[in-house]
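Structure at a glance
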Amino acid sequence: MLYDFRPMPGQLDTDSLLLLHDALAELEEGFVKLPEPAMRSADPASLRRVLLEVAGRMRNNYPYYHPQYAGQMLKPPHAVARLAYALAMWINPNNHALDGGRASSAMEKEAVAGIASMFGWATHLGHLTSGGTMANLEALWVAGQLKPGSTVLASSQAHYTHGRISAVLKLPFEPIAADRDGRMDLAALEKRLQAGGVGIVVATLGTTAVGSVDPLPGILALRERYGFRLHADCAYGGYYALAGNLEAPARAAYDRLGEVDSIVIDPHKHGLQPYGCGCVLFRDPAVGTHYRHDSPYTYFSSKELHLGEISLECSRPGAAAVALWATQRLYPLTRGGEFAGMLEDCRAAALAFHARLADDPRFIAAFPPELDIVAWAMRAQDAADSSAKARATFERAANAGLHLALAELPVEFFGDPWGSGGTVTALRSVLMKPEHRGALPAIAKLLSESAG
Ligand SMILES: *Cc1c(COP(=O)(O)O)cnc(C)c1O
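Because the structure is predicted, anything quoted here is derived from the model rather than measured. (Residues numbered from 1 in each chain as written. Predicted model: local features only at pLDDT ≥ 70, side-chain atom pairs only at ≥ 80, totals over all residues. Heavy atoms only, no water.)

Before going further, it helps to examine the overall build of the protein. Across its full length, the protein holds 13 helices and 11 strands. Computed over the C-alpha atoms, the radius of gyration of the protein is 23 Å, within 12% of the 22 Å expected from 2.2 N^0.38 for a compact globule of 452 residues. Considering only C-alpha atoms, the protein reaches an extent of 75 × 55 × 40 Å along its principal axes. For the protein, the residues scored as buried account for 52% of the 452 residues in total. Considering only contacts within the protein whose residues lie at least 6 apart along the sequence, 73% involve residues at least 24 apart. (Helix = DSSP H or I, 4+ residues; strand = E, 2+ residues; numbered from the N terminus. Rg over C-alpha atoms; globule rule 2.2 N^0.38 Å. Buried < 20%, exposed > 50% of the residue type's maximum accessible area, 1.4 Å probe, protein only. Contact = heavy atoms within 4.5 Å.)

Below, the structure written as structure tokens:
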């Protein structure tokens, strides 16, 4: 399915502000019984001057919203999220306790339940966080409460924060080798499990560098034998559970995701949200007991669950929950739905891009992408020369209006063409916008002209 992609009027969809005006009027209706407040506001001319100065400063950015930004894991939120977030900011609810964020706490519970049901969980414990790092911290903190002092394992391609989070939690951390496809090596994992002392394994479904999906069915089989707690870091790739165009190994991993103990997913990556929106989910709601604490200032108003009672953070933006709720209202998290179609378009773009790269003798494409991240090295006499060519191509492409990314990756990902081992500076493109599919001919042409 091709996403209904209309050119936006201008570059930044400024017309959508009219809708915000209408929605704010509707919100204001709810409060008209109060006398009009006397409020201190800024002098309009000064406000205007500062805002235009901000606009000038913000020009110093890459055009993350544009399909020709095909570099890092970045994209602006969908209009519905941006507008709902802005609307909520006029109230600025705090989802710590119910009297700070009444509607938005209810919306958070509904939105998080929607994400849980995407993984087949009818019951769960979970909430939004400031991002994937905080969400992973909570998941590993709970795991550490259940398996005190035991070692945490994650693949060498797992997100770099797992080692640091483990250090914060005072849990020993060890990386497990990744194979040539960037997935956790099951033989290496089993070997380490045999040595003992492991209580927690992190599977990554969608690595940050290249979007590889760890072999979850094999890891689950090892859990049967070695009895560790299993956390799935799906910060990047979680929503791909909905996609209908995955290859068999990735599909098999997503199909069994509901069997892990905890899941992290980042709505601010593939969920169309502004930054400040991660999510942690636990399969067993009873882990809530580990969070038990009292707050003399805030938990007096209701016997209902305050989200602060199951979160390590105190204040959290209710606006983030409102934006996510609105987005899921517009785009339900269903297989075969419009949102799933957006992910399928991203993946189709990545496959098409990979095929073009594999066809061009100037490039050495990595393995075909499992999700929507494509990596390729420059053909050259050795890894150093290849790295230099990648940097030059990156610069020339940026000057031509095509924004790529660079990544230091194992040469095995490219079939170790120089027999050297080690790493190479490669080019990397995160095709996480559905518009990338339609823009692929332009992207390929600009890359070809920039590659020299
Ligand atoms: C992005 C990412 C994280 C970190 O999430 P933040 O939201 O940036 O804090 C963790 N794990 C994976 C796999 C990621 O892609």
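This part takes up the sheet that holds strand 1 (residues 125-129). Ordered in space as 1-7-6-5-4-2-3, the seven strands form an open sheet in which the pairing is mixed. Single-partner strands in this sheet number two, and they are strand 1 and strand 3 (173-176). The sheet shows a mean angle of 20° between the axes of neighbouring strands, direction not considered. Direction of pairing for strand 4 (residues 198-204) relative to strand 5 (residues 229-234): parallel, over a ladder of five bridges. Among the inter-strand pairings, Ile 200 is bridged to a residue of strand 5, identified as Arg 229. Across the sheet, helix 5 (residues 132-146) is in contact with strand 1, strand 4, strand 5, strand 6 (262-265) and strand 7 (278-282); its angle to strand 7 comes to roughly 25°. (Pairing = 2+ DSSP bridges. Axes fitted to C-alpha atoms, helices over the stretch in contact; angles between N-to-C directions.)

It is worth spelling out the packing of helix 5 against helix 6 (residues 161-168) at this point. When two helices pack together, their arrangement is given by the angle between their axes and by how far apart the axes lie. The geometry of helix 5 relative to helix 6 is characterised by a closest axis approach of 10 Å and an angle of 50° between their N-to-C directions. Looking at the two axes, helix 5 sits oblique to helix 6. Two packed elements cross with a definite hand, and for helix 5 against helix 6 that hand is right-handed. Within the contact between the two elements, helix 5 uses Thr 133, Asn 136, Leu 137 and Leu 140 and helix 6 uses Thr 161, His 162, Ile 165, Ser 166 and Val 168. Here the residues of the contact of helix 5 with helix 6 are counted per class, giving four nonpolar, five polar and no charged. (Parallel < 35°, antiparallel > 145°, perpendicular 65-115°, else oblique. Left-handed = near helix turned anticlockwise from the far one by under 90°. Nonpolar A, V, L, I, M, F, W, Y, C, P; charged D, E, K, R; others polar.)

Here the protein is described as being made up of domain 1 (102-330) and domain 2 (338-451). Each of domain 1 and domain 2 has a C-alpha centre, and these two points are 29 Å apart. At the junction of the two partners, domain 1 supplies 31 residues and domain 2 supplies 22 residues. In terms of surface lost to domain 2, no three residues of domain 1 exceed Arg 180, Val 210 and Tyr 240, which account for 28% of the buried area on that side. Residue classes in the side of domain 1 that touches domain 2 are distributed as 13 nonpolar, 12 polar and six charged. (Domains from an automatic or database assignment. Buried area = accessible area lost by both parts, 1.4 Å probe.)

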